[in-house]
Structures are given as structure tokens and as C-alpha cells.
Amino acid sequence: MGPVFAGVLQLLALIGALAIIHVPLGNYMAKVYSSDKHWGVEKWIYKGIGANPDTEMRWTAYLRGVLAFSAVGVLFLYLLQRLQGVLPGSLGFSSIDPDQAFNTAVSFVTNTNWQSYYGEQAMGHVVQTAGLAVQNFVSAAVGIAVAVALVRGFARSRSGELGNFWADMVRGVTRILLPLAFVAAIVLVACGAIQNFSGIHEVGQFMGGSQEWNGGAVASQEAIKELGTNGGGYFNANSAHPFENPTPFTNLFEIFLLLAIPFSLPRTFGVLVGSVKQGYAILATMATIWVAFIGLMWWTEFAHRAPAFEIAGASMEGKEVRFGIGASSIFAVSTTLTSTGAVDSFHSSYTGLGGGITLLGMMLGEIAPGGVGSGLYGILIMAIIAVFIAGLMVGRTPEYLGKKIGTREIKLAACYILVTPALVLVLTAAAMALPTPANSMTNGGAHGFSEILYAYTSASNNNGSAFAGLNADTQWFNSTLGIAMLLGRFVPMVFVLALAGSLGEQKPVPVTAGTLRTEKPLFTGLLVGAILIITGLTYFPALALGPLAEGLA
Amino acid sequence: MSTATPTRAPHSDVPTGHKSPEGRVGAGLFDPKQLVKSLPDAFRKLDPRVMVKSPVMFVVWIGSVLTTVFSFTDPGDWFGWTISAWLWLTVIFANLAEAVAEGRGKAQADTLRRAKTDTVARRLVEGREERVPGTELRIGDLVVCEAGDIIPGDGDVVEGVASVDESAITGESAPVIRESGGDRSAVTGGTKVLSDRIVIKITTKPGETFIDRMIGLVEGAARQKTPNEIALNILLASLTIVFLLAVATLPPFADYAGTHLTMVVLVALLVCLIPTTIGALLSAIGIAGMDRLVQRNVLAMSGRAVEAAGDVSTLLLDKTGTITLGNRQAAEFVPVRGTTEAEVADAAQLSSLADETPEGRSIVVLAKEKYGLRERHQGELAGAEWIEFTAQTRMSGVDVDGRKIRKGAAGSVITWVEERGGAVAEDADTLADTISEAGGTPLLVAVEDSAGARILGVIHLKDVVKDGMRERFEELRRMGIKTVMITGDNPLTAKAIAEEAGVDDFLAEATPEDKMALIKREQAGGKLVAMTGDGTNDAPALAQADVGVAMNTGTSAAKEAGNMVDLDSNPTKLIEIVEIGKQLLITRGALTTFSIANDVAKYFAIIPALFAAVHPGLDKLNIMQLSSPDSAILSAVIFNALIIIALVPLALKGVQYRPVSADRMLRRNLAIYGLGGLIAPFVGIKIIDLLISLIPGIG
């Protein structure tokens, strides 16, 4: 069996599994967010945080909840790291420096999981489990909650009420993420991922010398790392590490986990807005881009014509032999098209164009299928932009799902799409213009530029993967990347929730033969085109000077 | 029998179709001479205070200033000067588009101004006339107008009847009747009384009259950006910011790559990327949309109404005059038992010879066509005494050769026969009822001769649905628009006509309150409703409807309440108004799509030109094989400027509109403006590059 064929089979298996899971999982999530019953444990939590889960919130209240909760999360995680040196169960690691602690706290709260530290050499059990793992759950739940609020904006009319943030967030954890992560962790443990609280072992190496290994609650961390599209690895090598991702099966399983919720949310959306077909149009858009990107990645990685690659059969640098090019490419595309950022191979080592594909995946705004929640609201914003332009071409004031896209809606959508390009381009330009940041590059030329461009693209889009090679643990990068993650996460959320409020207040416009049918393949094609062209135009010059210059040389 | 004689022939009983009709002012076609004529205006609009209203073009304006200043620092650089020149041309072309659009309205405004020449009003004060300038009239003043007078201001006739020449505003030379009371009392300042004497109560302040508003509208002075236009402007501004970011952050990237980008090149790149095509044409599209309405003699009081017209999903159409011809026509003669059809036809014809109403004429015509009865002239029948229709008798007829023939409403004729001791055929009632049930109007024909008084039969008068209406409603259905017929008829009649015409629904025995309730019900479901109306009792409904088209013949109250006025008073035009609204939105969307799709080719021209020297691999992106970097950038800039001029006719005329479903329309427009927008600049830039490379010393 050739490697290409193996890759195709793995992809088909993955698509099959996702096709099976998305209906029940999507329906289940829709039920979770529309039920008015509270579980016992949830009632305890509400009592604990002093929240009333039954009050309906307008968008401003919902946003306050998101921001307050996240601010507390950042503060708690920051303090936990700063105090690591005096806390028990820290494997003897010292406290984290302020800039790195800030960066890491922001990174995990924003669902980015950018890591400027080496997990096995910096974070003890307490920070990993009480800090990082907790945020892996709640940051993902916040993302889904915001997406659900936007969906409610579409589904409801004549009321600006978007649900209750505390109920949405808590249910996301208790009813969706925890049970799924629990099952996934058991599968991972069964397949060889480690799960313990042991200390550091010194192990003799096969070729002589020795190496330090530490144990940890890895399998459980791994499960939510993928499931919540977090991506922060227990170990620095992330999913390339055999303790995190031991076999080709776990590799495929982890890809499945990181895609499961994002690819099921369109179903949830369809059910909640009362038209499963509308959900399928969104799902088809996501799937088209995802499959096309995998195809492109295979094309550049398998067929790379350079002497070293010819000998190796293909470009194997930076990829695990046990996963091969096919599966590594699927992982790389999936992790950058979601906001996961976990890696089982090193994107910096991909061919010039292959590296460009991972970059472009994030630049699209991580919407195919995107991060948990953030992917759905991101693509819905793009749908609004596409509807606005195309809707005019059918001779009506544009409307989407029965809601008119007027001045206020387009203003908010336009602001949303401005945020990440502004962060990525301005911060990359600043890093390139200033004398010191460039010292962090390992490579020169176009590849060096790609390292910095990648870092800001990853942080601003809350991906968290790195174009290995950049030394990001400097004050400049810790601070600016931290700011990029914060603004890249919460500023768009402000616009999404404001938009949800605005949509929810409208009365619905009935569908007629004159309405643009957004559940048809034509619209899916249009949406794919709009996403690619708008992103492509924004980043073309930057991509030309980085991956394109390298890949076409 | 008779109905009120129409004071004015209905305008076009046959729908005018979707082809651009022969407009009174400026044909729909684009005349290149207008470009030259509008040049001075285009330069005048270079004022930054004017430019700032269009964010996209303002950025080009700033870019032009920057490159020009930069060129002064390096006067020997032909490239900088050429780019600057073309950037200025880009701005001027944009201004030109707007100026041409406005220019077309100006001609009409001038005609209107002539009608507005200072008039002297004959104001009535306590019964005495005094002469005051028209500008001093106040609301509530009474003025007298006699044959030859120009009406000094808008108002309602409170006394008398007159024929009025309204050609100054409608372009229609046939005079119209204006009379006190009823729904034809409104007169417009600037029109001329042709006969008789009327007293008018002024209802509008000078300076705010209909003609003043019309001048403002056609000149574009009163134009405000419509909601959708504002939304589109926001999107265009945000795209401009995105591209500003992409270009402004480029210098540090380029410096790192080992090449320095000059200000000229950066501005050129920026101008090529921002959506200048739609930015330049956006306001021209809006002005031209209003203009298209004006050409069809419709005045929209706000651009918002025009946009709303495109969104309408329910059309309320009055039956009479819109769906059916204004009058009923005879369809058949039905004899009662014991008589023949020919007898009925003969009697009916005789009784109608003097009846000049359309119904009466139609009886004579039917008798001739179907029974070969020659039309007898009134003179042939010596001694005939013609009985006119009156509201009391509700019958008309003739007494000739000892025969008395009557036709009229069933009840009246039966009474007439019974009074004369005649026997009423027992099936007369049944026949009349059958006709009523089928949606027709029965007229009984009776005779009194030597054999006594008796009923002969029934004339079946039918509402005649206008030609082409069924197809028109079919089109509307495909566009997703529901049509509701409004009629005062009983439900049975209404249902029959509704079925024949092919409307989706009907409202029978409609009172103004019913209409209002219907509109509110539709609106509660999120639908936008359009209607026409002319009477004062229509005013509340006109105001409630999203698009309310008042007939110019209607009352001031109706005209005040609606947001459009149809100068031709042709209710069928509502359908055209909807199409114009849609066309306006489609044109905006199509040019926006085109503009954005254009950018792809421009990148492929400019990026290799900028960076192939330091990253030779990027030359592979030069798929157009442009001759040199300078020529590539220049070609893109020139294309970007010329495409604006090339699209001015499209912006003014509007994208072709066909009433098809949204899906088909989207497919078609995406293919033309999306795909076309991707491909066209590749071809255009290549051709311009070829031409530039022919110039010696360049390329």
C-alpha cells in the first residue's frame, strides 16, 4: 500500500466517522442549549458562583459575563504560575517569569494555547491540571456559548435576549466537554497514552547518554486539548510526543477529536434556527475548504521535487515516521483550519507552499471548521458578508435566515473581519521594522519572515501552533503575542454578541421565491469563493514574501 | 345606464413591458457627449469637502496628492508623473460618473423651472379679488383661476370645474378635469387652466410645492443616501481599511526582503486594490435609479421608498383600471324562455344606440359582431325618443315605433314591467343570478309593445382583464411577490375575476379599513407591502404601506400620504416601480462583486513586478507575462481608471433585469459579474501592457 493510498484511506475513515457523529452530537448539543432543566451538579456550581441561570440576558449582559469570567481566568492562571515555586506538586519547577506567565495565562484563556515554554521543563502537576486543564475546558465552553448566542440571535425575533451565559458555559463543560473528554481519555489511555502523577525519571538513551522524562495526567489533558480545539501540549513536542500520541490510530483519533465538535456545530445551528438544510450549507462550505486544503497539502508534500525529498520519497523532515506524510498533512491542515494548534509534525519543516497552506488556513479566520464555537460564529459572519454582496444581486435588501442585513449588521460584521488582519499585519510589520524582534528568527530570508508572520497569525487567530524556529520567549514576543491573543479573541466576540443582539431584535422576513436561497449549493460555492477571495486579497502581499517566495523559488 | 365618464383616457392599458420605455426626459440610452458636457462639474467635485463623502474615492484623492507631491521631489521620473496623472484621472472619472448622472436630471429641472416662473395669484379676501405674487400665498388662502391662468400653487379645488393642462409636470398634453369635491380635486402649481373658473384652496407653502420638490429630486439636490447605500459604503470603507493595512505594512516586509518600495508604487498598489470601481459609481447608480423612475413619470419622495420597492413581497392592486379595463363589456345576450337571442340582441342594440358609455358601446359592438346587426344611426330612427340613464330610474332605453325598450339593473326593469302589468318571465331572476355568480353584471332588457310589457332577456356585462396581466402576475409570482386584488365587488364576482386574472388573493367589498387591516396583517408577518391609491380615504393605507404610490389625479391628502406619486396615474406602474427598485439593488451588488473580483488580477500584475527582482520565484505569478515591472503597475492603474468610464453606461442604465427566481438571477449575475470580474482585468491589463510596451523608451 503506497503512502498516498494510505492517506486517502485514513481521510475516508475520518470523513466517515465525522459523518456518523455530527448528527447525534449536533442534535445533542442543540438539546443541551435549549433545555430548561438544570442538573444537580450545575445547580451547585450556579450557587457557588452566585449566578441565576434562568435570567435571559441581552447582548451587553452576555458580553459582561464572557469578559468577567475570562478576566478572572487570566488573573487566576497568572497567579498560579507566579506562585508555582511555593506550591506543592510542582515537580520542583520554579515560578514563571511575569511576561511568560502573562502570555501563558492569556494563551489558555483565549483558547489559543500558544506555548512559549517547554511543558515538561516548566509546568508542574498543579499548574497543568488546576490551571491549564481547567482553561482547556472553560475556554472552549465560552467559545461555544458565544456561538450559541449568535445562533439564538438568528433564531429569535423581537427580543434582544440571547440566553444565559452562565448556563451556556457551565452546560458546555458538564454536558458536552467533560463526558466526551472522559471517554476520549479512556480510549487514549487504552492505546498507550500515559496518565499518572509520577515525578521525573532519568532514562538511559539507546545511543548512550541520558534523558529526563516526567509523567503526568497526559491522556486526560490530551483529550480536552483536541476536543476543545485548544492545542496546548503537555510536552513541548505536543502530539508528536509518543506519550501524547503513541500510535497511528491515536493520531487519527486525535484529528477526529479536534474536528468532532466544530463539524457538528453546523447541525446544532441548523436545528436551532429551524432549518437543518441551512446547517448543511455551512457544513458543506467548511468541508469543501477542509478537503481542498488537504488535497493541496498532499500535492505539495508528496510531490515535492527536490533532491533530498526525492531520496526520502517525499518531504519527511519534521514529520513522524509512524504517522507518515498522509496523516501528518491531515493533522496539519485540520489543526490550522480549527483553532487547535496542536501539532504532530513541524509546520516549519513543510515545503514552502505546505507551510503557506497552514498559514492560509489560520488566515481564513479558522472557520473551516474552525475552533469550537469560534468557527461557527466566524463563518456566519462571512456568510453575512457574502449574503450582503450576493443578496443585492437578486434585487432585494440582503437577508440571511430571515433577518435583514442592514447598516448596523454590516457595520458589526465589517468590524469583525477587520480585527485579525489588523493585528496580524500591524504586529508583524512592527516586529519586522524594529531591530530586536528579528533576532528571534532561526532562519533568514523568506522562511525567517514566515516564522514571524506565522507567530502573529497564530496568536491573533487564537490557533496556538508555532512555526518552530522562532524563539518566542522574549519580552517582546511574550507581550505582543499575548496582546494579539487577547484582542484577537475578545474584540471579535464583542461584535458577534452585538450582532446577535441586533439580529434578535428584528422581526423575521418570510421566505419567498425572491429570497436568496442560502441552503443551496450555489450559496455554498459563493461563500467558499467569498472567504478565499477576501482572505486571499488581505494577505496576498505578505504570503508572497513568505511562503510563496520560498515555495516558488 | 352609465358610469362616470373618465376624465382622462387610461394611459396605457397594455402593460409596457420591461424594456426601457420612451422616457419623456432623456432617453435611457447613454450619450458620450454627456461626458464632455459634465467635465466642468467633474473638476468642481475635486474639492476635498465634496470628495470626503465617498470614502473610497477620497483615499484615491489623497493618494493622487501624495504621488504628485512625491513626483515634484523627483521631477525626472516619468513613471511617477504618469502614475500621478492616471490617479487623478481615476478621481475625475468617478466625479464624471456622478456629474453625468446628475446632468440628466438637470435638463428636466430646467423645464420645470420654466413652469414655475413667477405667477400672479388672484387671491380672494372676503369675497374680493386682489393680485399678489404667487410667492406670498399662505396655506389656506383662496385663489381664483380662470381660463388662461397659471395655477399659482398646490391646492384643492373648492369650487367649480375646469380643464387643466398639466403637461408641465406630466408631459401629457391631453387636458384633465379638476373639480371640487371627490377624488379629482387636487391641482398643482405651475399647471394651466384651459377652461372655466375654479376656486382653489392653497395647501402648500411656496418653496415646498410639488414642483419645488420635483426640481430638488431630479437635480439630486435632495438626494440622501439610502439605508442600503450606507451599509454598502460601510462595507467598502472596511475593505478599504483592510487594503490600507495590507499596503501600509508592506514596506517593512519589503525592506527585509531587500527591496525598497517608493511612495508612488505603494499608492498605485493601494488604489488598485481598494474597491474604486463601485466606489466611483455608487452615487451615480443611486441617482440613475431615481432618474429611471422620473423617466417613467414617477416621483419618489425618498430613496428609501425605491429600495423598499425592491423588497416588496405583497402588491395590493385595485381591480378597476389596474387588473381589468376601466369598464365592463357586453359578453353575451341571454334570452328568457320564449324569446330568441336575436330578439334580445336587437332590443339591446336599439336601447344602446344613444348610450355613449363604454358599456353601451360594447353592447352595440357585440350585437354587430355576433348577430350581424348593423349599427343603426340615431338619425335613421325618426321620432325615436331616447331615455337617458338617471340615478333614480337606473334604466336607459328608447321609445320608437310604438315600442318602449328599456335596459337596466334587474330590480328596476322588473318593477318597470310589473308597473305596466306585464308578466315577468320566471327565469329572468335565475339568469341574472347566474351571471352575477360568474362575476358578471346582468342587465335586463324589457320591451313594451302591442303584446304588452315583458322581459326579453339579459345582457351579460363582463369585467375584461387587461391583456398580458396573467403573464405579469405569473412573473411576479416567480419573483416571489404575492398579488392581492382589491375590489368593491361582492366576493363571488371578485373570486371569478381573481381567477381569470391569475392574482394570488383578493379582498372583496373592500373598505378603507379592510385595506388597512390587510396591510397591517401582511406587515406583521414581516412582509413589505406596496399599493396605489388616489382617494382621501386611501391616505391612511398609503401611509401605512411600505411603498405607497399616489395617483397624481388623486387628492392632496393621498399624495401627501404616499411616498411616491405617479404623474401618469397609471396603477399598473406599481409593477415597474418594483422592478426599478430591484434593478437598483442588483446594479450595486453586481458592480461590487465585479470590483472585488478585479483585485485578483491586479495582484498577479503588481506583486511579481514589485518582488520578482529579490524573489525570482515570484516571477511565476506573472502569468500575464507583462513586459516590465513599471509597465505592469502602470497597466493595472490604467485599467483601474478606464474600467470606471467603461462601466458608466451600465451604472446609469442599470443591470439588465428579468423577472426570474432569485436562484436563477444569482447564478446569472454571478457568472457575468463575478466570473467576468475575475477574467476581464487579466485581458484588459494584458492589452494595456502590450500598448505601453509599444511606446519607445518604456517597457
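Coordinates for the structure precede this section.
We now turn to the structure provided with this report. Predicted model only: the values in this text are computed from it and were never measured.

Further remarks concern the overall build of chain B. Assigned secondary structure in chain B consists of 23 helices and 22 strands. Taking 699 residues into account, the globule formula puts the C-alpha radius of gyration at 27 Å, and chain B, at 33 Å, lies well above it. Expressed as lengths along the three principal axes of its C-alpha atoms, the size of chain B is roughly 115 × 60 × 45 Å. Put simply, of all contacts in chain B between residues at least 6 apart along the chain, 70% involve residues at least 24 apart. Carbon and sulfur atoms provide 56% of the accessible area of chain B, an area that totals close to 27,500 Å². Taking the average location of the 70 positive side-chain charges in chain B and that of its 86 negative ones, the two points are 4 Å from each other.

Looking now at the layout of surface pockets. All names here are of chain A. If you add up the space inside the second largest pocket, you get close to 750 Å³. Lining the second largest pocket are 24 residues; nearest its centre among them are Leu-296, Leu-360, Phe-540, Leu-543 and Leu-548. Looking at the lining of the second largest pocket element by element, the count peaks at nine residues for helix H18 (residues 521-552). Across the lining of the second largest pocket, the residue classes break down as 20 nonpolar, four polar and no charged.

Our next topic: the sheet that holds strand S20 (residues 529-533) of chain B. Residue and element names in this part refer to chain B. Here seven strands make up an open sheet; going across it, the order is S10-S22-S21-S20-S11-S18-S19 and the pairing mixed. Here the strands that pair on one side only, and so sit at the sheet edges, are strand S10 (298-300) and strand S19 (505-507). Neighbour to neighbour, the strand axes of the sheet diverge by 20° on average, direction disregarded. Judged from the three bridges that link them, strand S21 (residues 547-551) and strand S22 (residues 564-566) form a sheet pairing that is parallel. Counted as the bridge partner of Ala-550 is Val-565 from S22.

Let's shift gears to the nonpolar core. Ile261(A), Trp290(A), Tyr400(A), Leu315(B) and Met564(B) are the most contacted members of the largest nonpolar core, which has 312 residues in total. With 21 residues, helix H21 (residues 573-611) of chain B is the single largest residue contributor to this core. Residues in contact with Ile261(A), not counting those within four places in the same chain, are Leu25(A), Met29(A), Ile144(A), Ile176(A), Leu177(A), Leu180(A), Leu227(A) and Val372(A). If you look at the next biggest cluster of nonpolar residues, it comprises 24 residues, including Phe333(B), Leu350(B), Leu353(B) and Leu461(B).

So, on to the interface of chain A and chain B. If you look at the interface, chain A gives 60 residues, while chain B gives 61 residues. Together chain A and chain B conceal approximately 5,100 Å² of surface at their shared face, both sides included; 76% is due to carbon and sulfur atoms. Connecting chain A to chain B are two salt bridges. For Asp663(B), the salt bridge is made with Lys520(A), and the minimal N-O distance between the two is 2.9 Å. The interface formed by chain A and chain B holds 14 residue pairs in polar contact (both at pLDDT 80 or more) in total. If you tally residues by element for the side of chain A that touches chain B, the top one is H18(A), at 14 residues. For the side of chain A that touches chain B, the residue count by class is 39 nonpolar, 14 polar and seven charged.

Our next topic: the packing of helix H1 (residues 3-34) of chain A against helix H12 (residues 324-337) of chain A. Residues and elements named next belong to chain A. For the pair H1 and H12, the least separation of the axes is 8 Å and the interaxial angle reads 40°. In terms of orientation, H1 lies oblique with respect to H12. Residues Gly-7, Gln-10, Leu-11 and Leu-14 of H1 touch H12, and the partners they reach there are Gly-326, Ala-327 and Ile-330. Class assignment for the residues of the contact of H1 with H12 results in four nonpolar, three polar and no charged.

In this approach the atoms are scanned with a rolling probe the size of a water molecule, which exposes any empty space left behind. Residues and elements named next belong to chain A. What the rule picks out here adds up to four cavities of 30 Å³ or more. Volume-wise, the largest cavity comes out at about 370 Å³. In terms of lining, the largest cavity is formed by 25 residues, of which the most central are Leu-364, Gly-365, Tyr-416, Thr-420 and Asn-461. Elements that contribute at least two residues to the lining of the largest cavity include exactly helix H14 (374-392), helix H15 (407-433), helix H17 (475-505) and H18. Looking at the lining of the largest cavity residue by residue, the classes come out as 12 nonpolar, 11 polar and two charged.

Taking 1.5 Å of rise per residue, the 33 residues of helix H23 (residues 662-694) of chain B would be expected to cover 48 Å, and the 47 Å separating its terminal C-alpha atoms lies within 8% of that figure. The principal kink in H23(B), of about 45°, is found at Gly676(B).

As a further point, take the pattern of salt bridges. Going through the model one piece at a time under the given rule, you end up with 46 salt bridges over all chains. Here Glu244(A) ties to Lys225(A) by a salt bridge, and the two come within 2.7 Å at their closest N and O atoms. A residue pair is termed long-range when its members are at least 10 positions apart, and Glu244(A) in the loop between helix H8 (218-227) and helix H9 (248-273) and Lys225(A) in helix H8 qualify at 19 residues. The exposure class of Lys225(A) is buried, given its relative accessible area of 0%. Between Glu102(B) and Lys45(B) there is a salt bridge, with its nearest N and O atoms 3.1 Å apart. With Glu102(B) in helix H4 (residues 78-115) and Lys45(B) in the loop between helix H1 (32-44) and helix H2 (48-51), the pair connects residues that are 57 residues apart, well separated along the chain. The burial state of Glu102(B) is the same as that of Lys45(B); both residues are buried. Look at the salt bridges and you will find they share partners, linking Arg122(B), Glu129(B), Glu146(B), Asp149(B), Glu159(B) and Arg197(B) into a network.

Time to look at the side chain of Thr226(B). Residue and element names in this part refer to chain B. Here Thr-226 is to be found in the loop between helix H6 (210-219) and helix H7 (227-248). Side chain to side chain, Thr-226 and Arg-588 meet in a polar contact 3.4 Å long. Look past the residues within four positions of Thr-226 in its chain and what remains in contact with it is Gly-303, Arg-304, Glu-307 and Arg-588.

Basis of the calculations
Residues numbered from 1 in each chain as written. Chains lettered and ligands numbered in written order. Predicted model: local features only at pLDDT ≥ 70, side-chain atom pairs only at ≥ 80, totals over all residues. Heavy atoms only, no water. Helix = DSSP H or I, 4+ residues; strand = E, 2+ residues; numbered from the N terminus. Rg over C-alpha atoms; globule rule 2.2 N^0.38 Å. Contact = heavy atoms within 4.5 Å. Areas by Shrake-Rupley, 256 points an atom, 1.4 Å probe, with all protein chains shown as cover. Lys, Arg positive; Asp, Glu negative; His and termini not counted. Charge placed at Lys NZ, Arg CZ, Asp CG, Glu CD. 1 Å grid on protein atoms, 1.4 Å probe; cavity = no way out; pocket = protein on both sides within 12 Å on 5 of 7 lines; lining within 4 Å. Points joined across faces, edges and corners; volume = space filled by probe spheres on them. Nonpolar A, V, L, I, M, F, W, Y, C, P; charged D, E, K, R; others polar. Pairing = 2+ DSSP bridges. Axes fitted to C-alpha atoms, helices over the stretch in contact; angles between N-to-C directions. Core = buried A, V, L, I, M, F, W, Y, C linked by side-chain atoms within 4.5 Å. Buried < 20%, exposed > 50% of the residue type's maximum accessible area, 1.4 Å probe, protein only. Buried area = accessible area lost by both parts, 1.4 Å probe. Salt bridge = Lys/Arg side-chain N within 4 Å of Asp/Glu carboxyl O. Polar contact = N/O pair within 3.5 Å; in protein donor to acceptor, adjacent residues only side chain to side chain. Parallel < 35°, antiparallel > 145°, perpendicular 65-115°, else oblique. Expected span 1.5 Å × (residues − 1). Bend = angle between axes of the 7 residues up to and from the residue.

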